[in-house]
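This is what each chain is made of:
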Amino acid sequence: QVVYNSLLSLYLDCGCFEDVIQVFDSMPHRNVVTWNSLIAGLVQRWRMFEAFEMFKKMQGEGIGFSWVTLTTILSVCARVTAFYSGKEVHVQIVKSSGKADVLVLNSLVDMYAKCGAMDYCVRVFDAMHGKDVTTWNTVLRGYAISGCMIEAIELFNEMIDTGYSPDGVTFIALLSGCSHAGLTTEGRYLFDKMRVDFGITPTLVHYACLVDLLGRAGEIKEALEIVKNMPMKPS
RNA sequence: UCCCGUUUAAUG
């Protein structure tokens, strides 16, 4: 079984999806991992509707699901902002025995964030134990998407005070949020803080955020200077 | 350290 599942994921990585279906159909046994792999493959190719259909088919055939299944399906709900479907998955999590792992809860938090339901998002976040940096980043990004940069920065400070170390993704969320909210000074400040206080080397994406921030603020000359002086070639 | 899962710029 493991060998067949490995073969399937090999095909999934190779891109040829019709072959994937063929392998899937020809397998003697299909377990939860088999179905999870197929669904993840559909998501990678942005075939969200089919991914959801496969999940329903999986349930119809009595296969059941694992945390991995729900993590993937919640990411589908997040991408297509399917709030009500996402809430149904939330109910499934609550009804399930055993404690949900951090990845499925992160995915749940993200689903609510992407749907703009920050009240639900924060409720799950507050109740979570064993948060990791992704959990914080996800909620931060949610605030940024909703245009609530005061809350985002507040959460960032809380994150630091609680003893978590921000990473590169944390600052991508903050910088793009500042850019959209027109918080030019704050954005510039955070970019420097990232390097000086947290020792994070800016990547191309960070520079892109900074350039975007300055561009929107009308600081075209300064933005161009950044592009000329950054240590990698522009995209 | 042998199968599957979460957060990651802008534009359109």
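Report follows, based on the coordinates. Within each chain, residues carry numbers counting from 1 in the order of the written sequence. Each chain gets a letter, beginning with A, and each ligand a number, beginning with 1, in the order they are written. For this predicted model, a pLDDT threshold of at least 70 governs which residues receive local features, and a threshold of 80 or more governs which side-chain atom pairs are given and counted, while totals over whole chains, interfaces and linings are taken from all residues. Each side-chain value is worked out from all heavy atoms of the structure, with water and hydrogens disregarded.

A few points about a nonpolar patch on the surface
Excluding any residue in a salt bridge, patches collect residues exceeding 30% relative accessible area, merging like charges within 9 Å and nonpolar Val, Leu, Ile, Met, Phe, Trp and Tyr side chains within 5 Å. Reported accessibility uses the Shrake-Rupley method at a 1.4 Å probe radius. Residues are deemed covered only where the shown protein chains occlude them. Within this document, salt bridges are pairs made up of a side-chain nitrogen of Lys or Arg and a carboxyl oxygen of Asp or Glu, the two lying within 4 Å of each other. On the surface, a cluster of nonpolar side chains totalling about 270 Å² of accessible area is made up of Tyr4, Leu7 and Leu10. On the secondary structure map, leucine 10 appears in helix 1 (residues 2-14). Helix and strand definitions here come from DSSP, where helices need a minimum of 4 consecutive H or I residues and strands a minimum of 2 consecutive E residues; each element is numbered from the N-terminal end.

Description of the nonpolar core
Among buried residues, the Ala, Val, Leu, Ile, Met, Phe, Trp, Tyr and Cys ones that are joined through side-chain atoms within 4.5 Å form a nonpolar core. Burial here depends on accessible area, computed with a 1.4 Å probe over protein chains only, as a share of the maximum for the residue type. Under 20% is buried, over 50% is exposed, and the range in between is partly exposed. Ranked by internal contacts, the top residues of the largest apolar core, which has 66 residues, are Ile93, Leu108, Tyr112, Val139 and Leu174. Excluding its chain neighbours within four sequence positions, the residues that come into contact with leucine 174 are Leu140, Met149, Ala152, Ile153, Phe156 and Leu190. Contacts between residues were defined by any pair of non-hydrogen atoms, one from each residue, lying within 4.5 Å.

Description of the pattern of salt bridges
Scanning the entire structure with this criterion turns up eight salt bridges. Taking the shortest distance from any N to any O, the salt bridge between aspartate 212 and arginine 216 comes out at 3.1 Å. In this pair, aspartate 212 and arginine 216 both sit in helix 13 (residues 204-216), four residues apart, roughly one turn of the helix. When its relative accessible area of 29% is taken as the criterion, aspartate 212 is described as partly exposed. As a salt-bridge pair, glutamate 225 and lysine 228 come within 3.3 Å of each other at their nearest N and O atoms. Residue glutamate 225 and its partner lysine 228 are located together in helix 14 (residues 220-229), separated by three residues, close to a single helical turn. You can call glutamate 225 partly exposed: its relative accessible area is 38%. Taking relative accessible area as the criterion, lysine 228 reaches 61% and is therefore assigned exposed.

Observations concerning the packing of aromatic side chains
The geometry of an aromatic ring pair comes down to the distance between the two centres and the angle between the two planes. Aromatic rings from Phe, Tyr and Trp, taking only the six-membered ring of Trp, are treated as a pair when their centres fall within 6.5 Å; an angle between ring planes under 30 degrees marks them as stacked, one over 60 as edge-to-face, and anything in between as tilted. Using the criterion set out here, one finds 12 aromatic pairs in the structure. Considering the side-chain rings of phenylalanine 24 and tryptophan 35, the 5.2 Å spacing of their centres and the 90° angle between planes classify their relative orientation as edge-to-face. A residue pair is termed long-range when its members are at least 10 positions apart, and phenylalanine 24 in helix 2 (residues 17-26) and tryptophan 35 in helix 3 (residues 32-44) qualify at 11 residues. Across the pair, tryptophan 35 and phenylalanine 24 agree in class, each one buried. On the numbers, 5.0 Å between centres and 85° between planes, the contact of phenylalanine 125 with tryptophan 136 is edge-to-face. Of this pair, phenylalanine 125 sits in helix 8 (residues 118-127) while tryptophan 136 sits in helix 9 (residues 133-145), and the two are 11 residues apart along the sequence. With respect to class, phenylalanine 125 is no different from tryptophan 136; both count as buried. An aromatic cluster is defined as three or more aromatic residues linked by ring pairs; in this entry it consists of Phe83, Tyr84, Tyr112 and Tyr120. Geometrically, a lysine NZ or arginine CZ counts as sitting over a ring once it is within 6 Å of the ring centre and also within 35 degrees of the ring normal. The ring of tryptophan 46 is capped by arginine 79, whose NZ or CZ atom sits 5.5 Å from the centre of that ring. Above the ring of tyrosine 120, the side-chain terminus of arginine 123 is found at 4.9 Å from the ring centroid.

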